[in-house]
Amino acid sequence: MKQELQEFLKPFQRHDKDNGSPEVQIAILSFEISLLQSHLEAHSNDIDAKRSLLKKVARRRKYLKYLKDNSLERYTLVSKKLKLKI
C-alpha cells in the first residue's frame, strides 16, 4: 500500500521528498478517500469510517480552496490530474 501511494504521488511532487506542498497533500487525501470509499461499499454500516471520510473530504476541500486562492493554474492542474469537479 505504501508503494502504491508513492507511485500515486509522483506526478504531484515538486522533488523526491516533497510531502508538504498543497498538491501533494490533496493527492494524499484523495488516495485515502478512495480507499475509504471502497471500504464503505463493503461495510456500509461502519460509522467511524463514514466520519473519517467526511473529515478527509472537508480537509481536501480546504486545501483546494487555499490552492485556488493562491495559484489558480496549479489548482486547475491538480483538479485535472485527479479528475475532480471544478
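All values reported here derive from a predicted model rather than from experimental measurement.

## Quick word on the packing of aromatic side chains
The relation between two aromatic rings is expressed through the spacing of the ring centres and the mutual angle of the planes.
Next up, step 1: Counted under the stated rule, the structure contains two aromatic pairs.
Next up, step 2: Arranged with centres 6.2 Å apart and planes meeting at 45 degrees, the rings of F8 and F12 form a pair that is tilted.
Next up, step 3: Measuring from ring centre to ring centre gives 5.5 Å for F8 and F31, while their planes differ by 45 degrees; the resulting arrangement is tilted. With F8 in helix 1 (residues 2-9) and F31 in helix 2 (residues 22-42), this pair connects stretches of sequence that are 23 residues apart.
Next up, step 4: For F8, a relative accessible area of 29% translates into the label partly exposed.
Next up, step 5: Through successive ring pairs, a cluster of aromatic residues spans F8, F12 and F31.
Next up, step 6: The ring of F12 has K81 sitting right over it, with the charged end atom 5.4 Å from the ring centre.

## Some thoughts on the pattern of salt bridges
Next up, step 1: Scanning the model with the defined rule gives four salt bridges in all.
Next up, step 2: Here R74 makes a salt bridge to E23, at a shortest N to O gap of 3.0 Å. On the criterion of sequence distance, the pair formed by R74 in helix 4 (residues 72-82) and E23 in helix 2 is long-range, its members being 51 residues apart.
Next up, step 3: The exposure class of R74 is partly exposed, given its relative accessible area of 27%.
Next up, step 4: Note that K65 and D69 form a salt bridge whose closest N and O atoms lie 3.2 Å from each other. Of this pair, K65 and D69 both sit in helix 3 (residues 47-70), four residues apart, roughly one helical turn. The same class applies to K65 as to D69, namely exposed.

The rules behind each value
Residues numbered from 1 in each chain as written. Predicted model: local features only at pLDDT ≥ 70, side-chain atom pairs only at ≥ 80, totals over all residues. Heavy atoms only, no water. Phe/Tyr/Trp six-rings, centres within 6.5 Å; stacked < 30°, edge-to-face > 60°. Helix = DSSP H or I, 4+ residues; strand = E, 2+ residues; numbered from the N terminus. Buried < 20%, exposed > 50% of the residue type's maximum accessible area, 1.4 Å probe, protein only. Lys NZ or Arg CZ within 6 Å of the ring centre and 35° of its normal. Salt bridge = Lys/Arg side-chain N within 4 Å of Asp/Glu carboxyl O.

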